[in-house]
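# Structural features, examined
Each chain is listed here by its residues.
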Amino acid sequence: MMMEPSSHGRALAEQLKSFMAEHIYPNERRYYQEAERLGPWSVYPMVEELKPVARAAGLWNLFLPASEAAEGLSNVDYAPLCEIMGRSMLAPEVFNCNAPDTGNMETILRYGTAEQKEKWLKPLLAGEIRSCFAMTEPEVASSDATNIASSIVRDGDDYVINGRKWYTTGATDPRCGIMIFMGQTDPDGDDPHRRQSMILVPMDTPGVNVVRALPIFGFYGVPDRSAEVLFDNVRVPAENILLGEGRGFEIAQGRLGPGRIHHCMRLIGMSERVLERMCRRAELRHPFGRPLADQTVTLERIAESRIMIEQARLLTMKAAYMMDTVGNKAARQEIAMIKVAAPNMAQTIVDWAIQMFGGGGTSSDHYLAAAFTMARLLRLADGPDEVHRNQIARLEMRRHRGVDPALTGGGGEVLSREEAGRMAAEGMWPRPAGWRA
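Residues numbered from 1 in each chain as written. Predicted model: local features only at pLDDT ≥ 70, side-chain atom pairs only at ≥ 80, totals over all residues. Heavy atoms only, no water.

## Quick notes on the layout of surface pockets
Roughly 480 Å³ of volume is contained in the second largest pocket. If you go around the second largest pocket, you meet 21 residues; those closest to its centre are E28, Y32, Q33, E36 and S364. Elements that contribute at least two residues to the lining of the second largest pocket include exactly α2 (28-38), α8 (248-284) and α11 (368-377). Looking at the lining of the second largest pocket, its residues break down into 10 nonpolar, five polar and six charged. (1 Å grid on protein atoms, 1.4 Å probe; cavity = no way out; pocket = protein on both sides within 12 Å on 5 of 7 lines; lining within 4 Å. Points joined across faces, edges and corners; volume = space filled by probe spheres on them. Helix = DSSP H or I, 4+ residues; strand = E, 2+ residues; numbered from the N terminus. Nonpolar A, V, L, I, M, F, W, Y, C, P; charged D, E, K, R; others polar.)

Structure (structure tokens):
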């Protein structure tokens, strides 16, 4: 299993590390200040200043998949780049590699018409506009996507959209020009996975009402720019439908696989940065007459953090390799596993770091509060842990059906009476002859 990036991927990684050191880390404080002072309804100047620098350096649209674009990268090549970008909340958008834009661009690239690509994909790739993705709803259990209740109804040459969405990332951004909306086109269809469709909705369409910015653990704008959006008889042309009616789940599966790889590798980069801060902090603080670095609990947590990061990275790179070689569907168990493993790993490590930093760890001084928020958020985004665990378990059960346990030693049946008697007779303490006969 070849999980090593190509020479081109390794060269990009070195270039990206240098860019991060020169342009990203020194500007993070200003970035957070702008997010706090300007709020989620504004453009942050720091980001806009760095985008042309990144583009001039050739570090732009790195997410483009090799399967869809001549200049694109494989998942094995892109995943380590995602890890580097994940070390900073500022970085992904600077390189035009931030969610949900990457997922939306891949969706339009893969499933859009020539006209849709010209109108929406081209300006997104150029960084001229932003986008959002409207799926989750407040009034249903959206962890089961068949519950999505918003409606997309054909009316002549148009579709009319009604519904209420929330945690729609990017909707408050004034540059947001286009939304991908998921809703029901066939609510009474026999197949619950063919009732849903996705459609492109320009943000300036009458009836689209961005009601409010939603905080994530009190954060607005960073690490997420979430919103609640109402749709009141929103009318869009019929040609805005993606791939056709009833194809929403199909699109979602094609969209979410790469997005989950990106999220997980960014979390690994974030965890690496947090672990580095833990190590440095352990040598700086001397409670009760000796440094934290000499205390067993500190050493255990640092060791466990390293083990957990390496495990998560290997599992994520295996998923990336499988997506490249056998496709998203065959890799769905690995994708589900990383989506559970990486956020839980990151949340645990950041929590340990907060404990080590004490009260300061809960402030905005050390990156940890935002990092914890991101890790906890990603245990819900793109499907909660419970949904992925259920999928993993079902796939695991299916893996063993039809396999002869005699070939694997994996049987689970109760011993027959004959086998139990033979085991007793051949064992170390057979029943004595005539015992209570």
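Anyway, onward from the coordinates.
## Focus on the pairing of strand β4 (residues 176-184)
Of all nine residues making up β4, nine are buried, and the element is well covered by its neighbours. Pairing geometry for strand β1 (residues 130-134) and β4, over five bridges, is parallel. Following the sheet pairing, F133 is matched in β4 by I180. The pairing of β4 with strand β5 (residues 196-202) spans seven bridges and is classified as antiparallel. Among the inter-strand pairings, F181 is bridged to a residue of β5, identified as I199. (Buried < 20%, exposed > 50% of the residue type's maximum accessible area, 1.4 Å probe, protein only. Pairing = 2+ DSSP bridges.)

## Here's the deal with the domain arrangement of the protein
Taken domain by domain, the protein consists of domain 1 (7-126), domain 2 (130-246) and domain 3 (249-400). Distance from the C-alpha centre of domain 1 to the C-alpha centre of domain 3: 21 Å. Taken residue by residue, the interface counts 28 residues in domain 1 and 27 residues in domain 3. Of the roughly 2,200 Å² buried between domain 1 and domain 3 on both sides combined, carbon and sulfur atoms contribute 56%. Looking only at domain 1, the three residues that lose the most surface to domain 3 are N75, E83 and R87, adding up to 29% of its buried area. Inspection of the region where domain 1 meets domain 3 yields three salt bridges. (Domains from an automatic or database assignment. Contact = heavy atoms within 4.5 Å. Buried area = accessible area lost by both parts, 1.4 Å probe. Salt bridge = Lys/Arg side-chain N within 4 Å of Asp/Glu carboxyl O.)

## Thoughts on unusual backbone geometry
The step from A99 to P100 runs through a cis peptide bond, and the omega angle for that step is 0°. Assignment of secondary structure puts P100 in the loop between α5 (91-94) and α6 (101-111). For Y167, which is not glycine, the phi dihedral falls at a positive 50°. For Y167, the location among the structural elements is in the loop between β3 (158-165) and β4.

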